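# Chains, contacts and geometry: an overview
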Amino acid sequence: MTDNNLPSMADADSCLSDSQLEVLRKQYIREGEYVTEQTRFNYAWGLIKSKNRREQTQGVLLLTDIYREVPDRRRECLFYLALGHFKLGNYNDARKFNESLLEFEPNNSQARALRQEIDDRVAKEGYIGMAIVGTVAAVGTIILTSLLKKK
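Residues numbered from 1 in each chain as written. Predicted model: local features only at pLDDT ≥ 70, side-chain atom pairs only at ≥ 80, totals over all residues. Heavy atoms only, no water.

Rules: UniProt positions are given in the numbering used here, feature names are shortened, and annotations may be inferred rather than shown by experiment.
The name recorded for the protein in an unreviewed UniProt entry is Mitochondrial fission 1 protein, from Podila minutissima. Here the protein is described in UniProt, under the heading Sequence similarities (unreviewed entry), as follows: "Belongs to the FIS1 family."

Laid out in structure tokens, this is it:
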């Protein structure tokens, strides 16, 4: 399977409308205990593309089940599990699933783009964290210095 079957990062980051997700949900519910793997996958995909964090989490859980139960869908699940964890801010898990896909397909452009997005986000959040710590330390030093001068 080529990487053309996976979305670009721009498409992967887009969200489904509530009505689009509702179509997938109704199909999933309608099939009940006989839900097909394709319907489960489509619904999980839709949940991950939701704006709602709870739904994204539900999508990751559903994809995790599919990954464990349906070996033929593992490749697709790896990418969407990585994407789901990325959207949830679980960058270590996102990286783990994405790197697993890249082990099988080192030239997969979507997985390589997602790797870069993960690295960029981790670096950005690291810088923000360092700035916050630096600011707190500076304020603490100023307060401590002013307290010591008053004595």
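Next comes the rest of the account.
## Considerations on the packing of helix α3 (residues 37-48) against helix α5 (residues 74-88)
As a reminder, the rule being used: Helix axes are fitted to C-alpha atoms over the stretch in contact, other axes to C-alpha atoms as well, and angles between N-to-C directions run from 0 to 180 degrees. Secondary structure elements are taken from DSSP: a helix is a run of H or I of four residues or more, a strand is a run of E of two residues or more, and numbering for both begins at the N terminus. Between 65 and 115 degrees an angle is taken as roughly perpendicular, under 35 as roughly parallel, over 145 as roughly antiparallel, and anywhere else as oblique. A crossing counts as left-handed when the near helix is turned anticlockwise from the far one by less than a right angle, and as right-handed when that turn is clockwise. The criterion used for residue contact is that any of the two residues' heavy atoms lie within 4.5 Å. Classification convention: Asp, Glu, Lys, Arg as charged; Ala, Val, Leu, Ile, Met, Phe, Trp, Tyr, Cys, Pro as nonpolar; all other residues, Gly among them, as polar.
For the pair α3 and α5, interaxial distance at closest approach is 10 Å and the crossing angle is 25°. Accordingly, the angle class assigned to the pair α3 and α5 is roughly parallel. You can see that α3 and α5 cross each other, and the crossing is left-handed. Every residue of α5 that contacts α3 at F41, W45 and I48 is listed here: E76, C77, Y80, L83, G84 and K87. Looking at side-chain class alone, the contact of α3 with α5 contains 6 nonpolar, 1 polar and 2 charged residues.

## Brief notes about the environment of V60
Position of V60 relative to the elements: it lies in helix α4 (residues 53-69). Placed 17 residues apart in sequence, V60 and C77 show a C-alpha to C-alpha distance of 9.3 Å. When near neighbours in sequence (up to four residues on either side) are disregarded, V60 contacts I48, L81, G84, H85 and L88.

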